[in-house]
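A look at the structure
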Amino acid sequence: MENITKTYKYGGVDWICETWLGPSSMGIAHGENPMKFALPLLLLQISMVSLLSMFFQFLLRPFGKFEFLTQILAGICLGPSIIGRNKQYMSTFFYTRSMYIIESFEAICFLFISYITTCQIDTHMIKRVGKLAVINGVILFLVPFTWGQLTAMLIFKRLGGGPAGISSVEFHDVALVQSTMFFQVVYGVLSSLKMLNTEPGRLALASMMVHDCLSWCFFMIKIALTRNTNLADKNQAYFLSAAQMLMIVVIVYVFRPIMEWMMKRTPEGHSLKASYLSVVYVLLFISSLWSEFVGLPYFFGAVVLGLATPKRPPFGTGLSEKMGCFIWYFLMPCFIIGIGYNIDLSPFSLGDFIRYEILFGMVRFAKLVAIALPSLYYGVPLWHAILCGFIVNIQGIYDVQIYKQNFNYRTISKKSFGAMAMSAMVNSTIFMVIVKKVYRTMSKRNPYKRRTVQHCRIEAPLRILTCFRQREAVRPVLDLVELSRPAIGSPLSVFAVNLEELNNHSLPLLIHHTQEISPFIVPSPRDQIVKAFHNYENNNPETVLIECFTSVAPRKTMHEDVCTIAFDQETDLVVLTLDGIESWERLLCRNLLQTCPCSIAVFVDRGRLPDFRFVPIKKLCITICAVFIGGPDDREMLAYATRLANHPSVKLHVFRLLDQNGVSPLLDMDERNHDVRVINMFRKDNSENNIVFREVRIEEAVELMELLRKEGDEFDVMMVGIRHEEDLLMLEGLSEWSNMKELGELGDLLISTDLQLSVSVLALHQ
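Residues numbered from 1 in each chain as written. Predicted model: local features only at pLDDT ≥ 70, side-chain atom pairs only at ≥ 80, totals over all residues. Heavy atoms only, no water.

A look at the sheet that holds strand β8 (residues 599-604)
Inclusion rule: Here, a strand pair is defined by DSSP locating no fewer than two bridges between the strands. Secondary structure follows DSSP: runs of H or I at least 4 residues long count as helices, runs of E at least 2 residues long count as strands, and numbering of each begins at the N terminus. The axes are straight lines fitted to the C-alpha atoms, using for helices just the contacting stretch, and the angles between their N-to-C directions are given from 0 to 180°.
Taken in spatial order, the eleven strands line up as β5-β6-β4-β3-β7-β8-β13-β12-β9-β10-β11 in an open sheet, and their pairing is mixed. The strands lining the two open edges of the sheet, one partner per strand, are β5 (509-513) and β11 (691-697). Geometrically, the sheet is characterised by an average inter-axis angle of 20° between neighbouring strands, direction not taken into account.

Structural data, given as structure tokens:
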């Protein structure tokens with residue numbers, strides 16, 4: 001393919017000349033080569049990078065998700081290190097004008113990424129991260145920086161100099177850039193590993209947030225001072241400093257109120273209108289342009305605007321979702337091309353490699369020590385502290401972007417940039433694998449004894465964890481707590497967990513509410529929930545003990561906090577209250593059923609239970625029906641129903657379903673024997689109580705539906721087991737029409753539109 005770039009010497013300078021043919025060609029049929037035109041070549045470059053990245057993702061899929069690794073590998077393959085060794089390919093695929101276009105798109109990509117990642121950092125969260133996170137953040141900022149500078153100095157003194165062609169000043173700059181870390185990278189990695197709301201994940205993220213605030217302030221002040229003090233005219237330096245301060249003031253006190261106004265005019269749950277999004281784009285471009293005019297890097301304005309952007313939806317994650325597709329699938333390939341074009345491994349010798357890796361290794365070790373030692377001092381478990389050290393050493397595409405910006409500003413050379421990018425790619429992949437394996441080993445929960453209602457002694461206090469996601473669910477949760485409360489004996493222990501979705505890149509939290517809410521402040525919705533539980537506990541001090549928690553976590557890992565509290569507090573039962581049947585609620589329910597270390601109860605409230613706070617107990621009559629077929633879940637359900645029957649307002653009905661021969665429909669003889677023993681003991685122990693026991697013969701599912709349709713609305717709550725033996729004739733066909741399999745065949749049938757019942761449903765799983 002013909003080379004369209006010509007080089008001429010004139011006046012001792014190389015002049016590069018290229019014929020401008022226009023953005024697009026007329027096609028091969030008109031005798032034109034599309035690769036000589038800007039647009040077809042750009043589309044080819046983006047397509048090749050995307051295809052190569054997807055190819056590497058396909059190859060590495062069995063080992064996990066490594067987006068950063070596959071992106072860098074795609075860029076390296078297209079660069080001078082592999083395919084680019086062919087000079088004809090390089091002159092065609094990377095001719096000079098095409099690289100100008102790529103670098104322009106690359107700058108726009110970094111501009112948008114700097115904004116959308118920064119606008120998701122909630123600086124107010126720093127007030128809540130705790131003393132240890134602040135200490136870790138400060139030490140993470142100071143120790144790797146100091147240790148890196150000392151290591152660079154020792155390498156030049158003890159090893160006879162740095163890598164070939166690298167000056168001492170540049171090597172120290174490499175150490176400075178290598179000592180930085182970025183909250184956005186760690187957040188993305190922990191999110192993909194589903195570790196956001198783990199203890200090591202929370203500590204690492206909180207520490208990184210403090211570190212990021214310190215490092216951004218340091219680097220921006222350093223850049224501003226360096227550029228302003230180098231000016232010969234001091235009056236101009238004062239003018240630029242004033243213009244820079246004015247830019248920050250305008251962003252905070254003019255641009256932010258504009259975005260707050262747009263947020264107020266956007267209905268809750270809706271995304272930004274197209275006109276509002278256009279205004280955000282204009283504000284972003286004005287901020288970046290202002291930065292360029294006053295002598296700061298163009299991304300400085302994007303970072304300041306991102307910090308000033310409101311963090312609540314529709315901003316924060318809402319902006320990321322709006323801009324994400326354009327950035328990650330169009331601009332990001334351009335950025336990867338720019339990275340790959342500047343990574344050339346051919347000039348490296350073994351000595352260069354050793355010197356670079358000694359520096360990088362010592363900086364990484366300093367990061368690990370900087371977060372691990374203070375954590376150990378404050379009582380963090382050893383492996384949690386070490387895991388935090390591995391987490392903060394993970395690097396990603398954002399780190400490489402910072403390396404590239406330093407290369408663009410000639411702070412580091414092409415050789416140093418290649419070494420840093422390659423080291424980040426290899427070491428981050430290793431650290432990700434280590435973190436994943438270590439966490440999986442640590443997260444295995446093995447209770448030393450069975451935590452179920454059935455195996456809890458009747459005189460022993462029951463320990464229940466209730467979890468819910470909306471304030472409206474508090475009343476039915478308290479109703480269920482009231483029904484579970486013993487009249488005499490040991491008090492009921494309740495752990496109330498308010499589940500809140502992490503809807504922007506702020507910190508995942510697990511808050512233990514130990515202090516009373518002050519009556520002199522206006523309580524937030526979260527405080528109102530805590531206050532409701534504390535009021536109930538104060539009204540029943542001898543029979544109920546309540547501890548309140550708030551879990552702020554992503555949907556996919558929200559169950560982890562529930563399981564952690566259930567394991568640590570040795571609860572017998574976890575009650576998940578649902579006020580709807582959304583897809584993510586089903587996901588939460590499914591995850592709890594699979595991973596919880598104790599029994600699970602799923603409560604679907606239909607509003608049948610009265611509010612015990614305003615109605616005298618003696619005037620109430622709550623009718624509960626327990627439908628018993630057989631199996632471990634039904635035995636657990638019956639054990640809990642027996643507990644509820646001890647409440648003075650509860651009248652319990654038990655329907656034991658038998659086949660046409662009057663025997664258990666189960667085929668497993670061991671399960672049959674267990675059921676008979678439990679039923680006999682239940683009838684013996686409750687012969688004098690206010691309990692109605694009926695045996696109902698059912699042959700097919702149609703008869704079961706008729707029974708439930710006829711008598712279902714006579715009860716306030718119906719209790720069922722979730723799992724049953726497969727191929728039961730009386731349940732045949734029900735699973736095929738199931739809308740919520742997490743409740744089991746019977747539970748799903750009770751809430752289905754086929755029966756049109758209004759009874760609340762409590763489904764249990766042992």
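Structural notes on the pairing of β8
Which entries qualify depends on this criterion: Residue exposure (1.4 Å probe, protein chains only): buried if accessible area is under 20% of the type maximum, exposed if over 50%, otherwise partly exposed.
Counting buried residues in β8 gives six out of six residues, a clear majority hidden from the surface. Residue alternation in β8 divides its side chains into two sets, Ser599, Ala601 and Phe603 and Ile600, Val602 and Val604, and both sets are buried. Across six bridges, the pairing between strand β7 (residues 573-578) and β8 is parallel. Following the sheet pairing, Leu573 is matched in β8 by Ser599. Relative to strand β13 (residues 760-765), β8 runs antiparallel, the two sharing five bridges. Residue pairing in the sheet places Ala601 in a bridge with Leu764 of β13.

Side note on the packing of helix α4 (residues 96-118) against helix α15 (residues 397-408)
Inclusion rule: For this classification, under 35 degrees means roughly parallel, over 145 means roughly antiparallel, 65 to 115 means roughly perpendicular, and everything else is oblique. Take the far helix as your reference; a near helix turned counterclockwise from it by less than a right angle gives a left-handed crossing, and one turned clockwise gives a right-handed crossing. Here, two residues are considered to be in contact whenever any of their heavy atoms come within 4.5 Å of each other. The nonpolar class holds Ala, Val, Leu, Ile, Met, Phe, Trp, Tyr, Cys and Pro. Asp, Glu, Lys and Arg form the charged class, and all remaining residues, Gly among them, are polar.
One way to put it is that α4 packs onto α15 with a least axis distance of 11 Å and a crossing angle of 130°. Our classification of the angle between α4 and α15 gives oblique. Once α4 is placed against α15, the crossing between them reads as left-handed. Note on element contacts: α15 touches α4 through Tyr398, Gln401, Ile402, Lys404, Gln405 and Asn408, opposite Glu106, Phe110, Ile113, Ser114, Thr117 and Thr118. When grouped by side-chain class, the residues that make up the contact of α4 with α15 number four nonpolar, six polar and two charged.

Some remarks on the pattern of salt bridges
This is how the line gets drawn: Salt-bridge detection follows one rule: a side-chain nitrogen of Lys or Arg within 4 Å of a carboxyl oxygen of Asp or Glu.
Applying the stated criterion across every chain, the model contains 14 salt bridges. The salt bridge partner of Asp605 is Arg475, with a shortest N-O separation of 3.9 Å. Placement of the pair is Asp605 in the loop between β8 and β9 (622-628) and Arg475 in helix α17 (residues 474-484), with a sequence separation of 130 residues. Arg709 is the partner of Glu706 in a salt bridge, and the nearest nitrogen-oxygen pair spans 2.9 Å. Of this pair, Glu706 and Arg709 are both found in helix α23 (residues 701-711), three residues apart, which corresponds to roughly one turn of the helix. We classify Glu706 as partly exposed; its relative accessible area is 45%. Overlapping salt bridges bring together Arg475, Asp479 and Asp605 as one network.

Some thoughts on the confidence of the model for the protein chain
Short version of the rule: Here pLDDT means the predictor's own confidence in every residue, given as a number from 0 to 100.
Of the residues in the protein chain, 89% reach a pLDDT of 70 or more, and the chain-wide mean stands at 81. Within the protein chain, helix α13 (residues 350-377) carries the highest mean pLDDT (92), whereas strand β1 (residues 5-10) carries the lowest (66).

Details of the environment of Ile679
Within the secondary structure, Ile679 is located in helix α22 (residues 669-685). C-alpha separation for the pair Ile679 and Arg635, spaced 44 residues apart in sequence, amounts to 8.6 Å.

Considering the packing of aromatic side chains
Think of a pair of aromatic rings as described by two things: how far the centres are apart, and how the planes are tilted against each other in angle. For the record, the criterion: Pairing of aromatic side chains requires ring centres within 6.5 Å, counting the rings of Phe and Tyr and the six-membered ring of Trp. Pairs whose planes differ by under 30 degrees are stacked, by over 60 edge-to-face, and all others tilted. Counted as over-ring charges are cases with an Arg CZ or a Lys NZ within 6 Å of the ring centre that also lie within 35 degrees of the ring normal.
Across all of its chains, the model carries 20 aromatic pairs by this definition. Both rings, one in Phe112 and one in Phe285, keep their centres 6.0 Å apart while their planes meet at 85°; by these two values the pair is edge-to-face. Taken together, the positions of Phe112 in helix α4 and Phe285 in helix α10 (residues 274-293) put the pair 173 residues apart, joining distant regions of the chain. On the basis of relative accessible area, Phe112 is assigned to the buried category, the value being 4%. Since its relative accessible area comes to 42%, Phe285 is described here as partly exposed. Through successive ring pairs, a cluster of aromatic residues spans Phe110, Phe182, Tyr298, Phe299 and Tyr398. One residue, Lys414, lies across the ring of Tyr341, its end atom 5.5 Å from the ring centre.

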